[in-house]
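# Fold and contact review
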Amino acid sequence: MAPVLQSSQPWVEKYRPKQVKDVAHQDEVVRVLTNTLETTNCPHMLFYGPPGTGKTTTALAIAHQLFGPELYKSRVLELNASDDRGINVVRTKIKDFAAVAVGSSQRQGGYPCPPYKIIILDEADSMTEDAQNALRRTMETYSKVTRFFFICNYISRIIEPLASRCAKFRFKPLSEEVMNSRILHICKEEGLNLDSEALSTLSFISQGDLRRAITYLQGAARLYGSSISSKDLINVSGVIPQDIVQALFAACKSGDFDLANKEVNNIIAEGYPASQMLSQLFDVIVEANDISDEQKERVCKKLGEADKCLVDGADEYLQLLDVASNTLQALSAEFAAVADQSVVSMFRLQLILSAIAELSFDLLCLRFIAAEMILVGAIGAGGAVGVGGAGANVVAVAGGGVKSSRS
Amino acid sequence: MLWVDKYRPKTLDKALVHEDVAQNLKKLVTEQDCPHLLFYGPPGSGKKTLIMALLRQIFGPAADKVKVENKAWKIDAGTRTIDVELTTLSSTHHVELNPSDAGFQDRYVVQEIIKEMARNRPIDMKGRKGFKVLVLNEVDKLSKEAQHSLRRTMEKYSASCRLILCSNSSSKVTDAVRSRCLNVRINAPTEEQIAKVLEFIAKKEGLQVPPGFYDRVAAKSNRSLRRAILLFETCRVQQYPFTNNQVIPPMDWEEYISEIASDIMSEQSPKRLFQVRGKLYELLSNCIPPEIVLKRLLSDLLRKLDAELKHEVCHWAAYYEHRMVLGQKAIFHLEAFVAKFMSIYKAFLLATFG
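Residues numbered from 1 in each chain as written. Chains lettered and ligands numbered in written order. Predicted model: local features only at pLDDT ≥ 70, side-chain atom pairs only at ≥ 80, totals over all residues. Heavy atoms only, no water.

### Re the sheet that holds strand β3 (residues 117–121) of chain A
Residues and elements named next belong to chain A. Taken together, the five strands give an open sheet; going across it, the order is β2-β3-β4-β1-β5, and neighbouring strands pair in parallel fashion. The open sheet is flanked by β2 (76–79) and β5 (167–170), the only strands paired with a single partner. Neighbour-to-neighbour, the strand axes of the sheet open up by a mean angle of 15°, direction not taken into account. Two elements, β3 and strand β4 (residues 146–152), share five bridges in a ladder whose sense is parallel. (Pairing = 2+ DSSP bridges. Helix = DSSP H or I, 4+ residues; strand = E, 2+ residues; numbered from the N terminus. Axes fitted to C-alpha atoms, helices over the stretch in contact; angles between N-to-C directions.)

### Things to note about the environment of B:Glu233
Residue and element names in this part refer to chain B. Mapped onto the elements of the fold, Glu233 is located in helix α9 (residues 225–238). What makes Glu233 buried here is its relative accessible area of 15%. Residues Glu233 and Glu145, 88 residues apart in the sequence, show an inter-C-alpha distance of 42 Å. Excluding residues within four positions of it along the chain, Glu233 makes contact with Met1, Leu2 and Trp3. (Buried < 20%, exposed > 50% of the residue type's maximum accessible area, 1.4 Å probe, protein only. Contact = heavy atoms within 4.5 Å.)

### Re unusual backbone geometry
All names here are of chain A. At Glu123, a residue that is not glycine, the phi angle is positive and equals roughly 50°. Within the fold, Glu123 resides in the loop between β3 and α5 (129–141). Note on Glu123: relative accessible area 25%, which makes it partly exposed. The residue Gln207 is not glycine, and still its phi comes out positive at about 50°. One can find Gln207 in the loop between α8 (196–206) and α9 (210–224). A relative accessible area of 53% places Gln207 in the exposed class.

### Some details on the interface of chain A and chain B
Listed as interface residues are 45 residues of chain A and, on the opposing side, 42 residues of chain B. Interface area, chain A with chain B, both sides summed: about 3800 Å², of which 56% is carbon and sulfur. Three residues, A:Arg222, A:Leu223 and A:Leu318, lead the burial of chain A against chain B; their summed loss comes to 18% of the area buried on that side. A salt bridge links A:Asp315 to B:Lys295, with the shortest nitrogen-to-oxygen separation between them at 3.1 Å. (Buried area = accessible area lost by both parts, 1.4 Å probe. Salt bridge = Lys/Arg side-chain N within 4 Å of Asp/Glu carboxyl O.)

### Quick look at the packing of aromatic side chains
All names here are of chain B. Inspection of the entire model under this criterion finds 13 aromatic pairs over all chains. The interplanar angle of 85° and the centroid separation of 5.1 Å between the aromatic rings of Tyr319 and Tyr320 together place this pair among those described as edge-to-face. Using a relative accessible area of 30% as the deciding quantity, one classes Tyr319 as partly exposed. What makes Tyr320 buried here is its relative accessible area of 13%. (Phe/Tyr/Trp six-rings, centres within 6.5 Å; stacked < 30°, edge-to-face > 60°.)

### Observations concerning helix α13 (residues 307–326) of chain B
Given a rise of 1.5 Å per residue, 20 residues ought to cover 28 Å, and the 30 Å separating the end C-alpha atoms of α13(B) matches this to within 8%. By the burial criterion, the buried members of α13(B) are B:Leu309, B:Lys310, B:His311, B:Val313, B:Cys314, B:Trp316, B:Ala317, B:Ala318, B:Tyr320, B:Glu321, B:His322 and B:Met324. As for α13(B), its buried residues are in contact with α12 (257–269), α14 (293–312) and α15 (316–331) of chain A together with α12 (290–304) and α14 (330–353) of chain B. (Expected span 1.5 Å × (residues − 1).)

### A word on the pattern of salt bridges
Overall, the coordinates contain 26 salt bridges over all chains when judged by the stated rule. Note that A:Arg212 is salt-bridged to A:Asp209, the shortest N-O span being 3.7 Å. We classify A:Arg212 as partly exposed; its relative accessible area is 32%. When its relative accessible area of 8% is taken as the criterion, A:Asp209 is described as buried. Ionic pairing is found between A:Lys302 and A:Glu305, a salt bridge with its closest N-O pair at 3.5 Å. Taken together, the residues span about one helical turn, with A:Lys302 and A:Glu305 both in helix α14 at a distance of three residues. Residues joined by salt bridges that share partners form a network here, namely B:Arg227, B:Glu254, B:Arg296, B:Asp300 and B:Arg303.

### A closer look at the packing of helix α11 (residues 242–254) of chain A against α12(A)
Each packed pair of helices is defined by two parameters, the angle between the axes and the distance between the axes. Residues and elements named next belong to chain A. The contact between α11 and α12 brings their axes to 8 Å, and the two run at 160°. Relative to α12, the element α11 is oriented roughly antiparallel. Here α11 runs over α12; the crossing is left-handed. Of the residues in α12, those in contact with Ile244, Ala247, Leu248, Ala251 and Ser254 of α11 are Leu259, Ala260, Glu263, Val264 and Ile267. (Parallel < 35°, antiparallel > 145°, perpendicular 65-115°, else oblique. Left-handed = near helix turned anticlockwise from the far one by under 90°.)

Note that every value here comes from positions in space, so none of it alone points to a role or purpose.
The structure is reproduced here in C-alpha cells:
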C-alpha cells in the first residue's frame, strides 16, 4: 500500500492518543491499565460505551505500550466488524492465534513485553451469538497465553458467559470541558480559528462523541478554510438548523394539517434526513414546557415507531408526515387537560433519560420489566430496539413507563 | 439534444444554482487532496451535474470522454464463483456505476471493483492526479452488507481511489459510511431559482416568453429542476409562440393517479376496488415505482378530504408504505391502502350523512 499523504490523513487518526495516560476523561480504565503496565499482568477486558469515547484508542494504546512496534505484529490480533468474523473464523483464525505459545517475559527495547498475546475484537456486539459461544472455551483454555479485549457499544449484545469472564469498563461520554480542550488543542496544531459560539455548537452537535466532533471539524476546515463559524459546522454535520425544527413544531402546534404538510414537504425538498429530524424533534418535544406528559408520551411513542420504519427503509416523506400528523393530534386540545402535573413527572422522565445516558439502556429495560411497568404498546415499540438505530425507541419505552407509573 | 443535457453546466464556475457549494468544492479540490464525498438531496436538485463538473475540475476535459462498458466480473467467494454483470460508465480517470443494479450481489461488486481500480493506480505525474475516482449512484439502495464492506475498503484503498457517493437521502446510508465522507447536502432549488434557470435557457434559445410563464412552469415542477426544464421544452414543442393562458401539461401518470383518486372518492365498493386494481396494475407495468404511486395518490386524496380524516389517511399511507418495503409484491399493499381508505371514507360518510 502506498504511503498516505499527510494532508489526507484523517485528523481522527492523527490525533489519536498514543499512550494510555493521554486518554481523556476515562480515569478508572486509565488507572487500571497504568497498573497493568507496571505489573505486566492483566485480565480479559470488556470495554463498552457510546461511540467516540476512546475504547478502541485505549485498547490499541495499551497493546502498543506493552509490546512496542517490533513485537506488535506477532503478538496482537485485531479484528473488527469489517473483517469476516463468523463462527469459522473463531474456530480457525482466532483459535490458531490463541494457541501459539510465546516466550517468557523479558523486556525488549523498553517495553514490558509480557508473556501473552492480545486479541482485540472491535465492535464485538456485531458478532453472532454462535461465534461468541464458540469463544467461551477458547478463552479459558488459552488464558495462560492470550488475553481478549472486547470492545462494544451495547453490553447487552455480548452473551453473559463472555461478559462474566471479563473485567468490564464503561466509557463515559465526554464532558463538554474535556471535549473543548481537545478540540482547542487540535485547532492550535492545525492553525484554525474557532470562536466560542462555534465551539459550543460543535460540542452540542457531537453529543459527547469526540470522533464525530473531530470529523466535523476537519470537514468544515476542508470546505471553508481556516476560520470556521458555527453555521459552517452545522452545514457539514448534517444537523438540521434549529429554526426549521421549530417551524415544524410550530406548524404541529397550530393544528393546521395543511401547514404541517407544507413544512414536511419543505424539509424533504431541502434534503434534510428524516431520521435526524426525528431525533431533533424529539429533543424539542422533551424540552417543551407547555405540553403535558400524556402528549409527550404519545408523540415519543410515534417517534419510536417511525424510527423503526425508517430503519426498515420506509419512505421518509410519508413517515415524517405521519409523525407530524400524530404530533398535531396529540398537541390538540383533548390531551392538554393534565398539563399542570407535568412538572413532577416530566422530571422523572428526565431522570430516566439521564439514566439511559449513564447506564447502557438494557439495564434500564430490565428495571422496567422487574417493576412490571411497561405498557403493552410500549413493549411493541421497545421490541424494535434490537433492530438498529433505535434511540427514540428507548424513549418510547421510557415514555410508556412514566405513563404507567402514574396511573 | 434535450435541453436538460444541453444546458447542464459544464464547469463549477458556470453553475446557476448552488453557486456556493460549487465554489466550496472548487476550493476543496484545487487547494488540497480531495476526500471521499457523499452528495445527498432530492431528485432533480443537481447532484449529478455537480459531480460531473467536479470531475472535470479535477481531471480536465479527459473526464468527458466516457465510454459505456458492459463488464462482467467473476468473483471468487469462498466455495463458489459468482458471475456479475454490470454496465459501467468510465473514462481514464473515473468509473461510474449503479451498484444496486447487481441486486443482492452488490457487496461483491463494490469490493471487487475498488480492488481492481486500486491495482491500476495511475502514476502521479505533473498535472495528473495519483488517484482514480469511483462514482457510486443510489447508495441508499445499497444493501447493509455492501455498505459495511465499503467502510473498510474505503480506508484501505484511500491512497489510490476516491469515492463519490450519490444518494437521495442520507438516512439510508449507514453512519459508518457517512462519517468517512465529507457530506454535501444539495437542496432542491427554490421556485425563483428554477424560474431564473428557465429564463437563462429561453434567452439562449432566443424564445419570446410572456411574463409569469416561468413561474407557472416552476410551480408545476415540484422543485425539481430537471422536471422544470423538461416541462418547459414540452411546452415549447406543443405550442410556440407561448401564450399567457397556455396549459402546462401534467405528466400522464399523474393524471392517471388523480383519476384513481376521484374514482375511489366517488364510490366505495368491491366493484370499484376491482376497477382500481386494473389501473394500479397499469401504472406498475409502466414502471412507475409503487412508492411514488402511493405518495401521489395520498397527496391527491389529501387535497380533497376533510381535515379530520387527513390524519388517519396519512397514517395508513405511511403504514402500508412501510409494509410495502418489507414485503415482496407492491400491488397487495397499494390495494390494501385503497381498501382501507374506502372503508374509512365510507364510515365517515355514513356518520355524517346517515
